[in-house]
Amino acid sequence: MANKQLNIGLFGFGVVGKGLYDVLHTTPTLQASIKKIVIKNADKKRSIAAEIFSTDAAVILNDESINVVVELIDDADAAFEIVKTALQKGKSVVSANKKMIAELERAAELEPNNETHSLLMRAYDQDGAEDKAAELREKLRKEAFAKQQAPKKVQRPKRVVV
C-alpha cells in the first residue's frame, strides 16, 4: 500500500482507539484517516462528532472504500468474526487481540481445514510473519502429498445373508 491513502475502519474506541484517532488527526502527512468507528455503546459520551460512530459492524465491513480494518475490542469471538470477514473481503487487518490470534492458531490445529489455514496464513502474511506462513504452507504441502501417496484401502464386501 505504498503511497496509497489508508481509509481505516476502527472497531473499538477505548484508550488505544482514541490514541490512534488523535495521532492520525494531528499528523496529516501519514496519508491515513479513520472513516468510521464501530462501538459497543452508542449512548456513551465521546469527545468527537457522533456521525463517525456506528454500532453496526457491516458499516465498516461492507464499505469498499475502507481498505484497512483496525480491531481493538476485547471480545475474542467478535474479533475473530470481524477479522475473518475483513480478510475475506480483501481488507488489510490490524489486531492487537492476542487471545483471538491464539485461538485462531489453536483452531487451525484442532480443526485443520482450508478455511482456518487460509485465514491463519493471511494473518501471518499481513503481520509480516512470513516465516510462520511459510512453515504452515510447507506443512500443508507435505500433508497433501502424503494423502496423495497413501495407499487406498480396499473395502471388502459385506456379507449378505438371504
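Keep in mind that what you see is a predicted model, and the values were worked out from it rather than measured. (Residues numbered from 1 in each chain as written. Predicted model: local features only at pLDDT ≥ 70, side-chain atom pairs only at ≥ 80, totals over all residues. Heavy atoms only, no water.)

Visitor: Account for the pairing of strand β2 (residues 32–38), naming residues and giving values.
Guide: Judged by how many residues are buried, β2 sits mostly within the fold: 5 of 7 residues are covered. Relative to β2, strand β1 (residues 6–11) runs parallel, the two sharing 6 bridges. Paired with glycine 9 across the bridge in β2 is lysine 36. In this region the chain leaves β1, passes through helix α1 (residues 15–26) and returns to the parallel neighbour β2; the handedness of that crossover is right-handed. (Buried < 20%, exposed > 50% of the residue type's maximum accessible area, 1.4 Å probe, protein only. Helix = DSSP H or I, 4+ residues; strand = E, 2+ residues; numbered from the N terminus. Pairing = 2+ DSSP bridges. Right-handed = clockwise from strand over helix to strand, strands pointing away.)

Visitor: I'd like to hear about the packing of aromatic side chains, residue by residue, with values.
Guide: The relation between two aromatic rings is expressed through the spacing of the ring centres and the mutual angle of the planes. All chains considered together, the criterion is met by 2 aromatic pairs. Ring centres of phenylalanine 13 and tyrosine 21 lie 6.0 Å apart, and the angle between their planes is 80°; this geometry places the pair in the edge-to-face category. When its relative accessible area of 12% is taken as the criterion, phenylalanine 13 is described as buried. Seen in terms of ring centroids, phenylalanine 13 and phenylalanine 53 are 5.2 Å apart; in terms of plane orientation they differ by 75°. Their pairing is edge-to-face. Here phenylalanine 53 lies in strand β3 (residues 53–54) and phenylalanine 13 lies in the loop between β1 and α1, a separation of 40 residues in the sequence. Taken as a pair, phenylalanine 13 and phenylalanine 53 share a single burial class, namely buried. Feature note: the residues Phe13, Tyr21 and Phe53 constitute an aromatic cluster, connected by ring pairs. (Phe/Tyr/Trp six-rings, centres within 6.5 Å; stacked < 30°, edge-to-face > 60°.)

Visitor: Tell me what's going on with the pattern of salt bridges, and back it up with residues and numbers.
Guide: On inspection of all chains with the given rule, the structure shows 2 salt bridges. Aspartate 22 is the salt-bridge partner of lysine 18, the closest N and O atoms lying 2.8 Å from each other. Of the two residues, lysine 18 and aspartate 22 both sit in helix α1, 4 residues apart, roughly one turn of that helix. The residue lysine 35 makes a salt bridge to aspartate 63 at a minimum N-O spacing of 3.1 Å. Remark: aspartate 63 occurs in the loop between α2 (58–61) and β4 (68–71) and lysine 35 occurs in strand β2; sequence separation between them is 28 residues. (Salt bridge = Lys/Arg side-chain N within 4 Å of Asp/Glu carboxyl O.)

Visitor: Account for the nonpolar core, with residues named and values stated.
Guide: Ranked by internal contacts, the top residues of the largest apolar core, which has 15 residues, are Phe11, Ile60 and Val69. Of all the secondary-structure elements, those providing two or more residues to this core are α2 and α3 (76–88). If you tally residues by element for this core, the top one is α3, at 6 residues. Those residues in contact with valine 69 that lie beyond four places of it in its chain are Gly9, Phe11, Ile60, Ile82, Ala86, Lys91, Ser92, Val93 and Val94. Core analysis: the second largest hydrophobic core is formed by 14 residues, Tyr21, Leu24, Ile48 and Val68 among them. (Core = buried A, V, L, I, M, F, W, Y, C linked by side-chain atoms within 4.5 Å. Contact = heavy atoms within 4.5 Å.)

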